[in-house]
Amino acid sequence: MDLNDAALKERALSYLTQDEIYSIGSMLGRDPNPFELNMFAAMWSEHISYKSSIKWLEEMPRKGAGVLVQAGDENAGVIDLGGGLACVVKMESHNHPVAVDPRQGAVGVGNIYRDLISMGAEPVGQLNILRFGNPIEKQVREMLNAVVGALGSYSNNFGVPVVGGEILFDESYRLNPLVNMMGVGIVKKDKLLRSVLGMSGQQVILLGKKISGRGVHGAGFASKALKHMGEGQMVPESQIADPAGGKILMDCLHEMNEAGLISGMQDVGAGGILCAAAEMASGGGKGVTLHIDRMPLLKPDLDALAILLSQTQEQMLLSVETESLEELGRIAKHWGLDCQSVGEVNTSERIQVFQGESLLGDLPVHLLVRGGGAPVYIRNMKARDKAIRSISAEEVPMPGNLKDIARRMISLPNIASRRCIYEQFDTMAGLTNLSLEYASDAGVVAVGDGGMALAMSVDGNSRYGRLEARKGAMIAVAEACRNIICSGGRPLALADCLNYGDPADPHVYHDFAESVKGIGEVCRSMGIPVVAGNVSFHNLTQNGNEQASVIPTPVIGMVGVLDSTEQLMTVNFKQKGDMIYLLGRSDNDISSSEYLSVVHLINESAAPRFDLDYEMKMQGILATLIRDGLVNSAHDVSLGGLFVTLVESALPGGLGFDVTSPAEIRGDAFLFGESQSRVVVSVSPEHETAFLDFMMESGLHFSALGHVTKEELRIDDVSFGFIADYARDFDKALEHLLAAEAG
């Protein structure tokens, strides 16, 4: 390779600022050659270095009694479950690649599984969090169908159940769809691995697929705005996922780990072998020598930079003792995988890249990595110059027939059943999913042999944060936690995926910082550590002088535990005659509700009312009610309001309800407002006295709504129809919309 190649230098310069180039020269004490400059360009990308977000993320509460691996220390967080088991949590985005090629959704799934596997874990659950534009548009429907197909193609073939997720639509995602994923795995604590290079003299092993040369500078691509129709933009060649190969790789690695052959391991992802080797060297306080000519290639004509930065799928980088190579090779051969020594560990704390006898690059490891020489930016911030107004029902006209509005609400794209989507995913893989027959507010999977279960939830209503980023993020954390408790679980830890536009925009950066503060405030108050996360900036598309950017979209993933599967609580009403109660306060607030947006066409208002202390009190009381067996069902009030919660509780058993609204609250606000900290529970007649005694002593506001009926829905003595009619509308509305031919 010609180290003075002008094109090679220009490629690096397209991803670095002039200030960064000056800093590189100053820290090195010399000018880097073009190959080294490309190494910096990859490692200092926003996607890898987190240069615009790291200072804010460091303020998150990351420590906790059960935290074994903190956020930022590894590729995934780890929580102690007791009994010799640990839970590994990862959250990731794959936004830019999907916007260019929807099939890249499968690559994102593979990435998150390998991050779990690299810790020694076996994936046990996946949740997909998707955001798209208005599904009335044909291009949006085509995008959604392609992304869902790609996600399912990987998880289904890999054998990991999809146990939950969230799909929402907003015009801001039209050109910038968001594809976030949460993966959860289980590992024996004594088999937990770290992404570090081991002792000096160990071999650096590349295991898995041959290097494809695809995805070069993909991290830099993900750190820039998209250009409309790809005009004038260098787009990396699409990566190719292989779920069958990924499953073989996992099984092979588990056998190697059980045999005690692996000292450290990391997935080859963004930044390719360079990033994996540099981060492992940094983690272990070691140096590494890499040999380009030893690396197995899919195509013989790949240049050294493509080899080093390729984001080839289904690959791992391992640190292994020399005396273990023979046994390692035997196991790899048994599984049909390439296993090649591509470098050596040393004590130099430098990364050297050779091609034959030629030294292509020689850099101090710490200058490349986050927390070392990578830049850290605190950017300019400015609050959005928009009035933040809470909206009461009295401020908008009464829409008329509430029954007609109710039927319309239940069929809206953001509310209607996602059955047509989640049926494309394998929810039964491993036979551990406990939420198959009747749903819970969280996905629940059985783990271990002692009757324990994990509860997993994802939440993030971005409309709440459109004008109030901090409060919107706080609500997302509270709701994710609420869903765990509604399912009978105890919240353990949080992961997040923070999706925003250009961090150089003071308004965007302000929204981001406020969201991080909001997440941190709730987590500190609730004693929940943040163990994993991801930041995705530059979710915007440049079209000439115009920019289309996503609204602030913090997504929260929560993991909880059920000490026994007998604690599992579901959303469905169990029997006719059970009483229906509402925990929490209703009011006339309809701010940022789906109802306000769709019926009254008001898309910007304050977030719904939210009191953190009240939320925590309500959650504690609900947890006790479930633990003591005083309620038959529990379902939180969220998107769409109380009416949607009631219908979703009635649908699984084909039951109905008869409820009465309070006189002091207008009917539309009572049914469709989205005030927080509310949960609908059903109580059997034999437990009602104990329930009432407990609630009276608790001091929490609660109210009797009515009772469960056979099949009719009645509100204030008015028939709203029968559950079968709502079942048809709810189950089929989105399916029919996505199947439409014309846009």
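Residues numbered from 1 in each chain as written. Predicted model: local features only at pLDDT ≥ 70, side-chain atom pairs only at ≥ 80, totals over all residues. Heavy atoms only, no water.

**A look at the overall build of the protein chain**
If you tally the helices and strands in the protein chain, you get 24 helices and 28 strands. Relative to the compact-globule value of 27 Å for 743 residues, the protein chain shows a C-alpha radius of gyration of 26 Å, a close match. The burial tally for the protein chain puts 61% of its 743 residues in the buried class. Of the roughly 26,900 Å² of accessible surface on the protein chain, a fraction of 49% belongs to carbon and sulfur atoms. Averaging the positions of the 61 positive and the 93 negative side-chain charges in the protein chain gives two centres separated by 2 Å. (Helix = DSSP H or I, 4+ residues; strand = E, 2+ residues; numbered from the N terminus. Rg over C-alpha atoms; globule rule 2.2 N^0.38 Å. Buried < 20%, exposed > 50% of the residue type's maximum accessible area, 1.4 Å probe, protein only. Areas by Shrake-Rupley, 256 points an atom, 1.4 Å probe, with all protein chains shown as cover. Lys, Arg positive; Asp, Glu negative; His and termini not counted. Charge placed at Lys NZ, Arg CZ, Asp CG, Glu CD.)

**Details of the domain arrangement of the protein chain**
When the parts of a complex come together, some accessible area is lost, and that lost area is often used as the size of the interface. Domain annotation for the protein chain reports domain 1 (53-192 + 381-391 + 408-566), domain 2 (194-229 + 238-367) and domain 3 (570-739). Taken over C-alpha atoms, the centre of domain 2 sits 52 Å from the centre of domain 3. (Domains from an automatic or database assignment.)

**Quick notes on the pairing of strand β14 (residues 358-364)**
The buried fraction of β14 amounts to five of the seven residues, a majority that puts the element mostly inside the structure. Where strand β13 (residues 350-355) lies against β14, six bridges are found, and the strand directions are antiparallel. What sits directly across from Arg 350, in β14, is Pro 364. (Pairing = 2+ DSSP bridges.)

**Here we look at the sheet that holds strand β17 (residues 490-499)**
Read across the open sheet, the five strands follow the order β15-β16-β21-β17-β18; overall the sheet is mixed. Two strands lie at the open edges of the sheet, namely β15 (443-447) and β18 (530-536), each paired on one side alone. Neighbour to neighbour, the strand axes of the sheet diverge by 20° on average, direction disregarded. Pairing geometry for β17 and strand β21 (residues 553-562), over nine bridges, is antiparallel. Across the sheet, residue Pro 491 finds its bridge partner in β21, namely Gly 560. Along the sheet face, helix α17 (residues 469-486) touches β16 (452-459), β17 and β21 and points at about 25° away from the line of β21. Strand contacts of helix α18 (residues 506-526): β17, β18 and β21, with the helix running at about 180° to β17, the strand carrying the most contacts. (Axes fitted to C-alpha atoms, helices over the stretch in contact; angles between N-to-C directions. Contact = heavy atoms within 4.5 Å.)

**A closer look at the packing of α18 against helix α20 (residues 612-627)**
Running from N to C, α18 and α20 cross one another at 45°; their axes reach a closest spacing of 11 Å. The orientation of α18 relative to α20 falls into the category oblique. Where α18 crosses over α20, the handedness of that crossing is right-handed. In this structure, α18 contributes Glu 521, Val 522, Ser 525 and Met 526 to the contact, and α20 contributes Leu 612, Glu 615, Met 616 and Gln 619. Here the contact of α18 with α20 is built from residues that sort into four nonpolar, two polar and two charged. (Parallel < 35°, antiparallel > 145°, perpendicular 65-115°, else oblique. Left-handed = near helix turned anticlockwise from the far one by under 90°. Nonpolar A, V, L, I, M, F, W, Y, C, P; charged D, E, K, R; others polar.)

**Things to note about the packing of aromatic side chains**
Within the structure shown, the criterion is met by 16 aromatic pairs. Seen in terms of ring centroids, Tyr 500 and Phe 512 are 5.5 Å apart; in terms of plane orientation they differ by 85°. Their pairing is edge-to-face. With Tyr 500 in the loop between β17 and α18 and Phe 512 in helix α18, this pair connects stretches of sequence that are 12 residues apart. Aromatic pair Phe 512 and Phe 537: ring centres 5.0 Å apart, planes at 65°, arrangement edge-to-face. Pair noted here: Phe 512 is in helix α18 and Phe 537 is in the loop between β18 and β19 (540-543), with a separation of 25 residues, a long-range link. Like Phe 512, the residue Phe 537 is buried in the burial classification. What links up through ring pairs into an aromatic cluster is the set Tyr 595, Phe 643, Phe 657, Phe 672, Phe 720 and Tyr 726. For Arg 370, the ring lying beneath its charged end belongs to Tyr 50, and the centroid distance is 4.7 Å. (Phe/Tyr/Trp six-rings, centres within 6.5 Å; stacked < 30°, edge-to-face > 60°. Lys NZ or Arg CZ within 6 Å of the ring centre and 35° of its normal.)

**Focus: the pattern of salt bridges**
Opposite charge on two side chains allows them to pair when their charged atoms are near. The final tally for this structure, using the stated rule, is 38 salt bridges. Note that Glu 615 and Arg 482 form a salt bridge whose closest N and O atoms lie 2.9 Å from each other. Here the residue Glu 615 occupies a position in helix α20, and Arg 482 occupies one in helix α17, the gap between them amounting to 133 residues. You can call Glu 615 buried: its relative accessible area is 0%. Residue classification places Arg 482 among the buried positions, given a relative accessible area of 0%. One connected set of salt bridges, linked through shared partners, spans Lys 90, Glu 92 and Asp 115. (Salt bridge = Lys/Arg side-chain N within 4 Å of Asp/Glu carboxyl O.)

**A look at the nonpolar core**
Within the largest apolar cluster, 62 residues are counted, with the highest numbers of intra-cluster contacts made by Leu 494, Phe 512, Ile 519, Leu 583, Leu 622, Val 681 and Phe 691. By residue number, the principal contributor to this core is α17, which donates 11 residues. Looking at this core, you find at least three residues from each of domain 1 (53-192 + 381-391 + 408-566) and domain 3 (570-739). Other than its neighbours up to four places away in sequence, Leu 622 contacts Ile 485, Cys 486, Leu 583, Ala 634, Val 679 and Val 681. The next biggest cluster of nonpolar side chains, apart from the first, holds 52 residues, and it includes Met 43, Met 280, Ile 307 and Val 345. (Core = buried A, V, L, I, M, F, W, Y, C linked by side-chain atoms within 4.5 Å.)

**A look at the side chain of Ser 118**
Assignment of secondary structure puts Ser 118 in the loop between α7 (105-117) and β4 (122-132). By relative accessible area, Ser 118 is classed as buried at 1%. One polar contact links the side chain of Ser 118 to the main-chain carbonyl oxygen of Asp 115, over a distance of 2.9 Å. In this view, Ser 118 contacts Asn 75, Leu 193, Met 265, Gln 266, Asp 267 and Met 316; residues no more than four positions away in its chain are not counted. (Polar contact = N/O pair within 3.5 Å; in protein donor to acceptor, adjacent residues only side chain to side chain.)

**A word on the sheet that holds strand β11 (residues 315-320)**
Ordered in space as β9-β11-β7-β12-β10-β13-β14, the seven strands form an open sheet in which the pairing is mixed. With partners counted over all chains shown, the strands left at the sheet margins are β9 (264-267) and β14, one partner each. Put simply, the sheet's adjacent strands are angled 20° from each other on average, direction ignored. In this sheet, β13 lies alongside strand β10 (residues 287-291) in parallel orientation, the contact comprising four bridges. By the bridge assignment for β13, Thr 289 is matched with Gln 352. Contacts between helix α3 (residues 34-43) and the sheet are confined to β13 and β14, with β14 contributing the most and set at about 40° to the helix.

**Details of the packing of helix α10 (residues 243-258) against helix α13 (residues 325-334)**
Helix-helix packing: each pair is described by the crossing angle between the helix axes and the interaxial distance. The interhelical angle for the contact between α10 and α13, taken along N-to-C directions, is 150°, at an axis separation of 10 Å. It follows from the interaxial angle that α10 and α13 lie roughly antiparallel. For the pair α10 and α13, the sense of crossing is right-handed. Here α10 contributes Cys 252, Glu 255 and Met 256 to the contact with α13, which in turn contributes Leu 328, Arg 330, Ile 331, Ala 332 and His 334.

**A closer look at the pairing of strand β23 (residues 633-636)**
Residues Ser 633 and His 635 point to one face of β23 and Ala 634 and Asp 636 to the other, with burial holding for every one of them. Note: β23 against strand β25 (residues 679-683), four bridges, orientation antiparallel. Note on β25: the bridge partner recorded for Ala 634 is Val 681.

**Considering empty space enclosed by the protein**
Applying the stated criterion across every chain yields a total of two cavities of 30 Å³ or more. There is about 80 Å³ of room inside the largest cavity. Arg 131, Leu 168, Phe 169, Asp 170, Tyr 173, Asn 414, Asn 461, Ser 462, Arg 463, Ile 551, Glu 594 and Leu 639 are the residues that line the largest cavity. Along the lines of polarity and charge, the residues of the lining of the largest cavity split into five nonpolar, three polar and four charged. (1 Å grid on protein atoms, 1.4 Å probe; cavity = no way out; pocket = protein on both sides within 12 Å on 5 of 7 lines; lining within 4 Å. Points joined across faces, edges and corners; volume = space filled by probe spheres on them.)

**Things to note about the side chain of Asn 95**
Secondary-structure assignment places Asn 95 in helix α6 (residues 95-100). Within the structure, Asn 95 has its side chain in polar contact with the side chain of Asn 499 (distance 3.0 Å). A distance of 2.9 Å separates polar atoms of two side chains, one belonging to Asn 95 and the other to Ser 536. Every residue in contact with Asn 95, bar those within four places of it in the chain, is listed here: Pro 177, Leu 178, Val 179, Asn 180, Asn 499, Ser 536 and Asn 539.

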